[in-house]
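Close look at the chain arrangement
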Amino acid sequence: MPISTINTSPFEGQKPGTSGLRKKVSVFKQSHYLENFIQSTFNALGDCEGKTLVVGGDGRYYNQTAIQIILKMAAANGFSHVWVGQNGILSTPAASCVIRKYKAFGGLILSASHNPAGIDGDFGIKFNTSNGGPAPESITGKIYEHSAEITEYKISNAADIALHKLGQQTLGSMTVEVIDPVSDYAQLMQSIFDFPKIKTFITTSDFSMRFDAMHAVTGPYAIEILENLLGAPKGTVINGIPLPDFGNGHPDPNLTYAEELVTELFSDNAPDFGAASDGDGDRNMILGKQFFVTPSDSLAILAANAQLVPAYKNGITGIARSMPTSQAADRVAEK
């Protein structure tokens, strides 16, 4: 496999946080910019020979172009196997699931979360470690150090991978496996929750719901899980087709940007339950019939009733929470 070593020089400001590196698309499209950051990441990880990787993103503009570059650089840096979501799609929770299920060395998730997308929008990349979680500061700090002194990067001269085609392909000596982005995550959900019981409730009662995917990554997941597996009526999921510009919307699941969902839930004929998710599927908003559930309350309710979930019948030892979700959850923890 022909491999090129390209001379380059550092860019300022390639310091990733816990949510990775986020910049305008125009910044990432600069010559060598994406490549510098990816090579700096690989350099920070050490010897990549024979390692495995998961790659996918939220489907925003530049997602597939960036993935082709990443795959060629992974091959040039010695990775042996990469799992990539079909058409470049993998929600952040699904990427975490795939990393853990296939015991990958780590994963590169292409997302700028709830930030606007499109040619004039934002783009982002973050590295998740083998436990499926975001890279700790010990790794992101090294990435930044390498980005400040990089002089070259390696990339394969091979042809692009057919990201729409499920199954294994080769990129030099590296195997690229294009996977269904939904199936592994749906299986994980079925191992955690009692799907037959939930399906019976949805299909035999007068319960009604609406889920707004906001034209971001969770549409295919919601359609498969809520409609196909749990039996919710077709059309329960709205704005379910991921678009490169998120339908010219802003996939931040709040009362302002999820206006269509909020209007329906506060109408006279409101469904019983409503929810929306952000660009990459790791934040949500929950609504009841004519009322809003704060993020702190929804997390606290889940924690307080965790033993009712089959996978957590013996209780839980902790939850991951942030400042906006801490107060009510803290009360549950104290009790």
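So, here is what we can say about the structure in this document. Quick caveat, the model's predicted, so the values are computed rather than measured. Numbering of residues starts from 1 in every chain and runs along the sequence as written. The predicted origin of the model limits local features to residues at a pLDDT of at least 70 and limits the giving and counting of side-chain atom pairs to 80 or more, whereas totals for whole chains, interfaces and linings rest on all residues. The side-chain figures draw on all heavy atoms in the structure; neither hydrogens nor water molecules are used.

So, the overall build of the chain
The secondary structure listing takes helices from DSSP runs of H or I that are at least 4 residues long and strands from runs of E that are at least 2 residues long, numbered from the N terminus. When helices and strands are counted, the chain shows 11 helices and 14 strands. Using C-alpha atoms as the atom set, the radius of gyration is obtained and then compared with a globule rule of 2.2 Å times the number of residues to the power 0.38. In terms of overall size, the chain behaves like a compact globule, its C-alpha atoms giving a radius of gyration of 21 Å where 335 residues would be expected to give roughly 20 Å. What makes two residues a contact is simply this: any of their non-hydrogen atoms within 4.5 Å. Long-range pairs, those at least 24 residues apart, make up 73% of the contacts in the chain with a sequence separation of at least 6. Charge assignment in this entry is limited to Lys and Arg as positive and Asp and Glu as negative, and neither His nor the chain termini are counted. For this purpose, a charge sits on NZ of Lys, CZ of Arg, CG of Asp or CD of Glu. Once the 25 positive and 33 negative side-chain charges of the chain are each reduced to a mean point, those two points are 5 Å apart.

Observations concerning the sheet that holds strand β14 (residues 291–293)
Strand order in the open sheet formed by 5 strands is β11-β10-β12-β13-β14, and the pairing between neighbours is mixed. Of all strands in the sheet, those bounded by a partner on one side alone are β11 (237–238) and β14. Any two strands with at least two DSSP-identified bridges between them are counted as paired. In terms of strand pairing, strand β10 (residues 209–212) meets strand β12 (residues 273–277) through 4 bridges, oriented parallel. Its bridge partner being in β12, aspartate 212 is matched across the sheet by alanine 276.

Some remarks on helix α4 (residues 92–101)
By the criterion of burial, α4 is predominantly enclosed, with 7 of the 10 residues buried. N-cap assignment for α4: the residue whose side-chain oxygen lies 3.0 Å from the backbone N of alanine 94 is serine 91. One or two residues past the end of α4 sits lysine 103, with phi positive at roughly 55°. Only protein chains enter the area calculation, which uses a 1.4 Å probe; residues under 20% of their type maximum are buried, those over 50% are exposed, and those in between are partly exposed. Whenever two N or O atoms come within 3.5 Å, that pair is a polar contact, provided that in protein one can donate a hydrogen and the other can accept it, and provided that, for residues adjacent in sequence, both atoms are side-chain atoms.

Overview of the packing of helix α10 (residues 295–304) against helix α11 (residues 326–334)
Packed helices, taken two at a time, are described by their axes: the angle between them and the distance between them. Every axis corresponds to a line fitted to the C-alpha atoms, with the helix fit spanning only the stretch in contact, and the corresponding angles, defined between N-to-C directions, vary from 0 to 180 degrees. Axis separation between α10 and α11 bottoms out at 7 Å; the angle between their running directions is 20°. Taken together, the axes of α10 and α11 are roughly parallel relative to one another. Of the two elements, α10 crosses α11, and the hand of that crossing is right-handed. Taking contact as the criterion, the partners of Ser296, Asp297, Leu299, Ala300, Ala303 and Ala304 in α10 are, on α11, Ala328, Ala329 and Val332. Under this scheme an angle from 65 to 115 degrees is roughly perpendicular, one under 35 degrees roughly parallel, and one over 145 degrees roughly antiparallel; angles in between are oblique. Take the far helix as the reference: if the near one is turned anticlockwise from it by less than a right angle, the crossing is left-handed, and if turned clockwise, right-handed.

With respect to the pairing of strand β13 (residues 284–288)
As defined by bridge partners, β12 adjoins β13 across 5 bridges and the pair is classed as antiparallel. Across the sheet, the residue bridging to alanine 276 is methionine 285, located in β13. Between β12 and β13, which pair antiparallel one after the other, the connecting turn spans 6 residues, and glycine 281 there sits at a positive phi close to 85°. By the bridge criterion, 3 bridges tie β13 to β14 in an arrangement that is antiparallel. Bridge assignment links isoleucine 286 to a residue of β14, and that residue is valine 293. With antiparallel pairing between neighbouring strands as the criterion, β13 and β14 make up a hairpin whose turn holds 2 residues, including glutamine 290 at a positive phi of roughly 65°.

A closer look at helix α5 (residues 137–147)
Every α-helical turn comprises 3.6 residues, leaving residues that sit three or four positions apart pointing alike. Listed as buried for α5 are Ile139, Thr140, Ile143 and Ser147. One face of α5 carries all of its buried residues, which in axial projection span an arc of 95°. Exposed positions of α5 whose direction lies more than 90 degrees from the buried face are Glu137, Ser138 and Glu145. Summarising the contacts, the buried residues of α5 are in contact with α2 (33–45) and β6 (122–129). What the arc measures is the spread of directions leading from the helix axis to the C-beta atoms.

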